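Here are the chains, one letter per residue:
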Amino acid sequence: MANNDIITEFLIDGSWVSSYGGEDLSARVRTASPGGPIQISRGIADQQSALGPQTSDFHLNQRDGLFVNRNPMSPLYGLIPRHTQVRHSIGPVEGHVQIFEPVDSNSTVSTTDKAVLDITGDIDIRMEITPPKWRPRDIQVLAGKYVSSGDQRSWHFRLRASGGLGLAWTTDGTDATDSFINATAVIPEGSGRLAVRVTLDVDNGSGSHVVRFYTSDSIDGTWTQLGSSVTTAGVTSIFSGTAPLEVGATNNGSHIVSGDTSYYGKIHAFELRNGIGGTLVAQMNPQSQTPGTDSWSDGLGTPNTWTLNGNARLTSDSIRFTGEISSLPPKWDSTGEDVYVPVRASGALRRIIQGGQAAFSPLRRHLFEYFGVSAYYPLEAASGATSPDAATPIGSGGVATNVSFSGSMPSWLPGSAGAATLSDATSSLYVVNAKETGNTGQASVLVYFKLDALPASYKTLMTFRTYGTMQRIEIDVGATGFQFTLYSQSGSVLDTVNVAFGSGANPSTVGVAMQIILEQEGANIRWHNLWHGVGSPTFYTTTPGGRTFAGTDVSYFVAGLLDAREDAAFASAQFAHLIFTTGNTSLNSASFADASEAFTGEMNGRRIQRLAGEEGLALDVFGDIDDTQPMGPQTTDTILTLLQGAADVDGGLLAEARDILGLQFTTRRALGDRYGLELDYSTGVLSRTPEPVEDDRYFLNDITVSAPWGGSARYEITDGANSVSEPPAGA
């Protein structure tokens, strides 16, 4: 391989390639002037407060116009547009399967059941793995052929929390015949990469069955028995079931029993043999596969096709950078003969920062992810605004009469960055949804509101209109409950119902989220009303499953009127986050309730996971995201600030991934569990001996931490040589 085993690949036509059309693309990367070697920068620089995008700077030989996307003579013609992805590796590249947290994502490597995998007698199971630590928090399932549904339990191999190994199997597929055998010794805690093995001799010739466990430095190495052989009276057998063969989990990627979890970490190899040291019937070997591959055959006589699922990915530690190229500008020297391309590739954060990061409230972020909106009025306009703000400007508009906007978080809705207030008894707010047309089959409207007082009898606070069979719905508020009245195009009543607010949903004491859903059901239209008091886990409706009226045109919600003119009690009513949709997604979910409260109490690992999902950012997690720290309310800020703030709370590490265009988060606990780095000076791993310097640049003995929503805490060292007061002279 050219360039001293430095491999550069481009993502062309959906595949990672270092050569294309007979051209060695990797050899085009220059390591001499102009340009010099590849320069990679990543992480948080010294004294820098936040993560910046990782970059790679390098030069490409362009003497023949190969890297001109519009050059019809180039084999790369039309294949290298702006934002083409590139990655660098140091060869030779050895692949492995990495399974990331969270383990509730059905992550596994699997192959379908076939006759050669249905071993009923002696069995030999081998794996080579690098777990984050050899003392997992729960029992981890390493591999198995075991599905509880339909009693298809055959066997599973596992790593115990103590660091020991275990094997379980059944004779008839039911849990009633489950046999669990554990190793009599444990794996040393700091073992790092290791091969593990278990064998089951179903009949040792003396009327017993025997289980033995082993370890080795590799799956092809010399095996050393772990602990003693476990001999049990009576011969046994393994159930021949139809479950798939899975590596990293069983039960179709889910947990087997309470307390067990899927494996997470690196998987370097797996083998299954029929008989102890017998015929190899399955081999999951990612080492020779190209990183990014998600399915391949093991090439055995009866081949198995292995498929990655969930958070499992085929990658390599040899990959040092993955990013995308913003442009390929040609350059040339004074002679015009040496033509080259200076390239800067950047990671996933560049687009976020380059495009200008918008600061959105927790609800605005979440609702765009949760609902497919057609018109959305956050009503978070700044103080002094005279019209409602629209997050979907096309087809949206509104008129505010005697309405004020706060532009700051209302006390009754922590997830919002503002609210609209009907200033007096003459106030009204009218908004439209002109984006959708025709009969949609499904439609909904959602709005938050809060009242200072309640009218003595039912009065109309909100009216929403459609072009369908139902022409409008009026939502009235009374002294103790809500009333809903639906009208046809001719003005006749289609349905009406009233109901009490429900505990924790009185709009004069808490903010309330109210939703109306319409959906076609044969010759009828089913309508649902749902509401929820902010801060309460309870959701209400007048009729479980909804109510119906005759009609064949759902249409869509075209306008809404929020009106204080019906009753003086509505003066000072506040509204936020009015959304029109053409779907039937219900607000009845824990995530919706959490968004209303700005996700207060959310573990910071889960916050990072959720925020990345809302932004469509790929995220790799190292460590248990639930073994992190609870957070306060999510602030209205840019995505990068929110992600970095969540990582800082835990003391974890936020970075860009090396092998994909995405992010990675390592929890504080996972950082502490990592194996130590060992370097041998004599092998020339380091260009020179490190020169440690002890100074006080990073020494802090008096720290005050302030929360963005108020409050602070001070931590100081008050005694000893490192106390806040300087030690005496000469100390």
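Residues numbered from 1 in each chain as written. Predicted model: local features only at pLDDT ≥ 70, side-chain atom pairs only at ≥ 80, totals over all residues. Heavy atoms only, no water.

## A word on the sheet that holds strand β33 (residues 428–433)
What the 7 strands build is an open sheet, ordered β30-β33-β43-β35-β36-β37-β38; its pairing is antiparallel. At either margin of the open sheet sits one strand with a lone partner, and together these are β30 (396–401) and β38 (493–500). Taken over all neighbouring pairs, the strand axes of this sheet differ in orientation by 10° on average, direction set aside. With 5 bridges connecting them, β33 and strand β43 (residues 557–563) associate as antiparallel partners. Residue pairing across strands places Ser 428 opposite Asp 563, the latter belonging to β43. (Pairing = 2+ DSSP bridges. Helix = DSSP H or I, 4+ residues; strand = E, 2+ residues; numbered from the N terminus. Axes fitted to C-alpha atoms, helices over the stretch in contact; angles between N-to-C directions.)

## Side note on a nonpolar patch on the surface
Taken together, the side chains of Leu 700, Ile 703, Val 705 and Tyr 715 make up a nonpolar region of the molecular surface, amounting to roughly 410 Å² of accessible area. As for its placement among the helices and strands, Ile 703 is situated in strand β48 (residues 702–706). (Patch = residues over 30% accessible without salt bridge, like charges linked within 9 Å, V, L, I, M, F, W, Y side chains within 5 Å. Areas by Shrake-Rupley, 256 points an atom, 1.4 Å probe, with all protein chains shown as cover. Salt bridge = Lys/Arg side-chain N within 4 Å of Asp/Glu carboxyl O.)

## Let's talk about helix α3 (residues 362–370)
Those residues of α3 that sit buried are Pro 362, Leu 363, Arg 364, Arg 365, His 366 and Leu 367. Considering only its buried residues, α3 is in contact with β29 (373–377), β34 (442–450), β44 (574–581), α4 (590–596), α5 (604–615) and α6 (639–650). (Buried < 20%, exposed > 50% of the residue type's maximum accessible area, 1.4 Å probe, protein only. Contact = heavy atoms within 4.5 Å.)

## A few points about the environment of Val 534
Relative to the elements of secondary structure, Val 534 occurs in the loop between β40 (524–533) and β41 (539–540). C-alpha of Val 534 to C-alpha of Ser 457: the two residues are 77 residues apart in sequence and 24 Å apart in space. Setting aside residues up to four positions removed in sequence, Val 534 forms contacts with Trp 412, Leu 413, Pro 414, Tyr 448, Val 510, Gly 511, Ser 596 and Glu 597.

## Thoughts on the packing of aromatic side chains
All told, the structure shown has 17 aromatic pairs when counted by the stated rule. For the pair Phe 482 and Phe 501, a centre-to-centre distance of 4.8 Å together with 70° between the ring planes defines the contact as edge-to-face. One end of the pair, Phe 482, is in strand β37 (residues 481–488); the other, Phe 501, is in the loop between β38 and β39 (512–521), and 19 residues separate them in sequence. Assigned by exposure class, Phe 482 and Phe 501 land together as buried. Site record: aromatic cluster; members linked through ring pairs are Phe 449, Phe 482, Phe 484, Phe 501, Trp 527, Trp 531, Tyr 540 and Phe 575. The side chain of Arg 472 reaches across the aromatic face of Tyr 487, ending 3.8 Å from its centre. It is Arg 610 that lies over the ring of Phe 599; its NZ or CZ is 3.4 Å from the centre. (Phe/Tyr/Trp six-rings, centres within 6.5 Å; stacked < 30°, edge-to-face > 60°. Lys NZ or Arg CZ within 6 Å of the ring centre and 35° of its normal.)

Read these as layout, nothing more, since geometry by itself doesn't imply function.
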